[in-house]
Amino acid sequence: MDAVAFQEYLDQGGTVDLNDPMPEAYKLAASRVIGFQCLSEIVGGMMFAEWIPQTPGLLRKMMLTAKIQDEMGHAHYLLRICEELGLSRQQIIEDYLNGKSKLLNTFHYRIETWHEWPACALVSNSAAIIQFKSLNKVSFLPYARAIKRIMKEESFHYHHALNLCTQLCLTAPEHLQKVQEGINKWWFPVLAYFGPPDTHNFEMQQNVRWGLKVDSNDSLRQQWLTKIVPVLQNIGLTIPDPKLRWDEEKQEWEFTEPDWAEVKRVIKGGGPASKHWHETLTRCYNDQSWVRSLAYKEGVLAS
Ligand SMILES: [Fe+2]
Ligand SMILES: [Fe+2]
């Protein structure tokens, strides 16, 4: 399809389904955006899976297991879409293992205490929900449909984390203190999760012009702060940013800007757990190669 006519179509609010004509560049960009999220779903699930044995009580264990199962399901929906666009699941994983693609900053850390997991889940799931509310308006309909489905389950994850944090924070001061330590660790990585400020060139970004990105990083960050700040404060937690305040005049949150040089260094593989996740995924991928080759042979997976 002619690139100019396609852009005009999108500018008028046009949407694109799988079998619709689309320029190769758009197809490639859509598969990259979706493939990037697949990696987040997989590593995000693995981060929490490490804590199933230490989670007390059968009910909480079952709830955590269900969350991890959901994350793998999210990756699966998205991988299927990528395959339809010509990007194989093998390629997505191998690009990460070979250093051709990077994980989001929050996936370069590891949960280190049991109290940390509900704290991490609460801030990161609320951030993901804000991101998905925006993504369900993208021009590429298969992705928008998958996001709508994923969001319902993310809402369950968020409420599970909120329920557990509330229970811990209201039970005893020592639990509250430990959850607070988790918030202190995850606050800035999640604030940075939305990406660096992009308002000045937002309209010009190719993915924005194609409708594959809808809201600016700054706008999403502001929406997240509006959502999460009162939630944390209501259960007795403190936001670990002394600069944070609502600016009545500007109608926006003022906060300490994340250290973007540090975020860049983390994303490049300099995070405290970058090596751990890379090695874990490499090991899993190699250990399961026999399943993959069987699935390709039987035609269960598209090569
Ligand atoms: Fe997910
Ligand atoms: Fe989730």
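The following refers to the structure shown.

Thresholds, definitions, all that
- Residues numbered from 1 in each chain as written.
- Chains lettered and ligands numbered in written order.
- Predicted model: local features only at pLDDT ≥ 70, side-chain atom pairs only at ≥ 80, totals over all residues.
- Heavy atoms only, no water.
- Helix = DSSP H or I, 4+ residues; strand = E, 2+ residues; numbered from the N terminus.
- Rg over C-alpha atoms; globule rule 2.2 N^0.38 Å.
- Buried < 20%, exposed > 50% of the residue type's maximum accessible area, 1.4 Å probe, protein only.
- Contact = heavy atoms within 4.5 Å.
- Lys, Arg positive; Asp, Glu negative; His and termini not counted.
- Charge placed at Lys NZ, Arg CZ, Asp CG, Glu CD.
- Donors = N, O, S within 2.8 Å, 3.2 Å for Na, K, Ca; no water.
- Tetrahedral: all angles 85-135°; square planar, octahedral: opposite > 155°, others 65-115°.
- Phe/Tyr/Trp six-rings, centres within 6.5 Å; stacked < 30°, edge-to-face > 60°.
- Patch = residues over 30% accessible without salt bridge, like charges linked within 9 Å, V, L, I, M, F, W, Y side chains within 5 Å.
- Areas by Shrake-Rupley, 256 points an atom, 1.4 Å probe, with all protein chains shown as cover.
- Salt bridge = Lys/Arg side-chain N within 4 Å of Asp/Glu carboxyl O.
- Axes fitted to C-alpha atoms, helices over the stretch in contact; angles between N-to-C directions.
- Parallel < 35°, antiparallel > 145°, perpendicular 65-115°, else oblique.
- Nonpolar A, V, L, I, M, F, W, Y, C, P; charged D, E, K, R; others polar.

## What to know about the overall build of the protein chain
- Scanning the protein chain from N- to C-terminus turns up twelve helices and two strands.
- The linear arrangement of helices and strands in the protein chain, starting from the amino end, is α-α-α-α-α-α-α-α-α-β-β-α-α-α.
- Its C-alpha atoms give the protein chain a radius of gyration of 20 Å, near enough to 19 Å, the size a compact globule of 303 residues would have.
- By principal-axis analysis of the C-alpha atoms, the protein chain measures approximately 60 × 55 × 35 Å.
- Taking all 303 residues of the protein chain together, the buried fraction comes to 50%.
- For the protein chain, the proportion of contacts with a sequence separation of at least 24, taken over those separated by at least 6, is 76%.
- Of the side chains in the protein chain, 32 bear a positive and 36 a negative charge, and the two mean positions are spaced by 4 Å.

## Section: the coordination of the iron ion (ligand 2)
- Of the protein atoms, only Glu71 (OE), Glu154 (OE), Glu154 (OE) and His157 (ND1) coordinate the iron ion (ligand 2), at distances of 2.1 to 2.5 Å.
- When the donor residues of the iron ion (ligand 2) are listed from N- to C-terminus, their spacing reads E-x82-E-x2-H.
- The distance between the iron ion (ligand 2) and the iron ion (ligand 1) comes to 3.7 Å, and Glu71 binds to both of them. Placement of the pair is Glu71 in helix α3 (residues 58-84) and Glu154 in helix α6 (residues 141-171), with a sequence separation of 83 residues. Grouping residues by exposure puts Glu71 and Glu154 together as buried.

## A short note on the coordination of the iron ion (ligand 1)
- Those protein atoms acting as donors to the iron ion (ligand 1) are Glu41 (OE), Glu71 (OE), His74 (ND1) and Glu154 (OE), and they sit at 2.0 to 2.3 Å.
- Every donor counted, the four donor atoms about the iron ion (ligand 1) form angles of 89 to 160° at the centre, which fits irregular coordination.
- Sequence positions of the donors to the iron ion (ligand 1) reduce to the motif E-x29-E-x2-H-x79-E.

## Remarks on the packing of aromatic side chains
- On inspection of all chains with the given rule, the structure shows nine aromatic pairs.
- Residues Phe6 and Tyr26 carry aromatic rings whose centres are separated by 4.9 Å and whose planes lie at 70° to one another, so their mutual orientation is edge-to-face. With Phe6 in helix α1 (residues 3-11) and Tyr26 in helix α2 (residues 24-49), the pair connects residues that are 20 residues apart, well separated along the chain.
- Judged by its relative accessible area of 1%, Phe6 falls in the buried class.
- Arranged with centres 6.3 Å apart and planes meeting at 75°, the rings of Tyr26 and Phe140 form a pair that is edge-to-face. Taken together, the residues Tyr26 in helix α2 and Phe140 in the loop between α5 (116-135) and α6 connect sequence positions 114 residues apart. Exposure class is identical for Tyr26 and Phe140. Each is buried.
- Through a chain of ring-to-ring contacts, the aromatic side chains of Phe6, Tyr26, Phe140 and Trp210 assemble into a single cluster.

## Details of a nonpolar patch on the surface
- Judged by side-chain polarity, Trp290, Val291 and Leu294 come together as a nonpolar surface patch covering roughly 320 Å² of accessible area.
- Relative to the elements of secondary structure, Val291 occurs in helix α12 (residues 289-297).
- The class for Val291 is partly exposed, based on a relative accessible area of 40%.

## Describing the packing of α2 against helix α11 (residues 274-287)
- Close contact between α2 and α11 brings their axes to 11 Å; oriented N to C, the two are set at 100°. Classified by the interaxial angle, the pair formed by α2 and α11 is roughly perpendicular. Every residue of α11 that contacts α2 at Ile42, Val43, Met46 and Met47 is listed here: Trp277, Thr280, Leu281 and Cys284.
- Tallied by class, the residues present in the contact of α2 with α11 amount to seven nonpolar, one polar and no charged.

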